[in-house]
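One letter stands for each residue in the lines below.
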Amino acid sequence: MRKIIIANWKMNLSITKSLEFVKKVKKTKHMVGIAAPYTFLCEMKKALAHKKIQLAAQDVARFAEGAYTGEVSAKMLKKLNCTYCLVGHSERRVYFAETDENVNEKIKQLLAQGIKPVLCIGEKASERNKKLTKKVLNKQLKKALQGVKNIDKVIIAYEPIWAISTFQKGKQKKSASLDDIMEVHKYIKNVLEKMSKSKGSKIKVLYGGSVKPSNSQEILSLKEVDGALVGGASLKVSSFNAILQSI
Ligand code: PEP
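Quick caveat: nothing in here was measured; it's all calculated off a predicted structure. (Residues numbered from 1 in each chain as written. Predicted model: local features only at pLDDT ≥ 70, side-chain atom pairs only at ≥ 80, totals over all residues. Heavy atoms only, no water.)

As a structural note, the neighbourhood of the ligand is formed by 14 residues, with Lys-10, His-89, Ser-165, Ser-210 and Gly-232 the closest of them. Lys-10 is positioned such that a nitrogen or oxygen atom in its side chain is 2.5 Å from an oxygen atom of the ligand. His-89 is positioned such that a nitrogen or oxygen atom in its side chain is 2.8 Å from an oxygen atom of the ligand. Protein contact buries 99% of the 300 Å² of open area that the ligand shows by itself. For the shell around the ligand, a count of residues per class yields four nonpolar, seven polar and three charged. (Near = heavy atom within 4 Å. Polar contact = N/O pair within 3.5 Å; in protein donor to acceptor, adjacent residues only side chain to side chain. Areas by Shrake-Rupley, 256 points an atom, 1.4 Å probe, with all protein chains shown as cover. Nonpolar A, V, L, I, M, F, W, Y, C, P; charged D, E, K, R; others polar.)

As structure tokens, then:
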């Protein structure tokens, strides 16, 4: 099955390094996307023109246009050929106080421009320890997708916060277990189907959280996993290629 693999570069690399990276990405049957910093997007658009790699942004304004200093609109991202845009990433929620309501507005802005939102959801370690994972995810999904008509155009990335490499202190970055991933993805798909019978079942659910060459094959071969959002391991083209070639 064709999977969707999206690199999340966060605030890393440089334009020069990103263009080098693009040249070296190996061909694959899978859908590949790169979420690059805003300032790289224009050069990346040109570099990707003849490649089967989709461009993604890491965030978007919740307003269409106007006096919102520092923001970038969905319409501007559309002009840069962005196919996808991350929304509600845990780093935005934790460091920039992003709420489910903001995420909902951003999703609507993106869909109005024909950009596919990659809605990131996930529970904190403390919530998992209290067995609140499903409750938290259910709330995040319901609020972020409230009033969204084309929910089949949205992609979900399940990213348990405790499994994201940059939130882990130890050297050995641990992903969620296969059993956890399977159970949670089944739950998410169930919630989406209940939200919309015809459209919910079409939504792709990616996993994110310490995906790397040593675990990508086992995670991505789960039938409940439609792809991966890759942070740290997407910063080196050798490890990103190894992930693409592991499936
Ligand atoms: C992320 O932050 O989206 C992510 C998946 O990071 P990592 O792969 O480094 O855990």
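This brings us to empty space enclosed by the protein. For the structure shown, the criterion picks out one cavity of 30 Å³ or more. If you go around the largest cavity, the residues you meet are Gly-88, His-89, Ser-90, Arg-93, Cys-120, Ile-121, Gly-122, Glu-159 and Ile-161. If you list the elements that add at least two residues to the lining of the largest cavity, you get helix H4 (90–96) and strand S5 (116–121). The residue inventory of the lining of the largest cavity, partitioned by class, reads three nonpolar, four polar and two charged. (1 Å grid on protein atoms, 1.4 Å probe; cavity = no way out; pocket = protein on both sides within 12 Å on 5 of 7 lines; lining within 4 Å. Points joined across faces, edges and corners; volume = space filled by probe spheres on them. Helix = DSSP H or I, 4+ residues; strand = E, 2+ residues; numbered from the N terminus.)

This part takes up a nonpolar patch on the surface. A cluster of nonpolar side chains, Val-94, Tyr-95 and Phe-96, forms an exposed patch at the surface whose accessible area comes to about 340 Å². The residue Phe-96 is located in helix H4 in this model. (Patch = residues over 30% accessible without salt bridge, like charges linked within 9 Å, V, L, I, M, F, W, Y side chains within 5 Å. Salt bridge = Lys/Arg side-chain N within 4 Å of Asp/Glu carboxyl O.)

What follows deals with the pairing of S5. Burial analysis of S5 places five of its six residues in the buried class, which makes it a mostly covered element. Relative to S5, strand S4 (residues 82–87) runs parallel, the two being bridged by four bridges. Paired with Val-87 across the strands is Leu-119, a residue of S5. Bridge count between S5 and strand S6 (residues 155–158): four bridges; the pairing is parallel. Bridged to Cys-120 within S6 is Ala-157. (Buried < 20%, exposed > 50% of the residue type's maximum accessible area, 1.4 Å probe, protein only. Pairing = 2+ DSSP bridges.)

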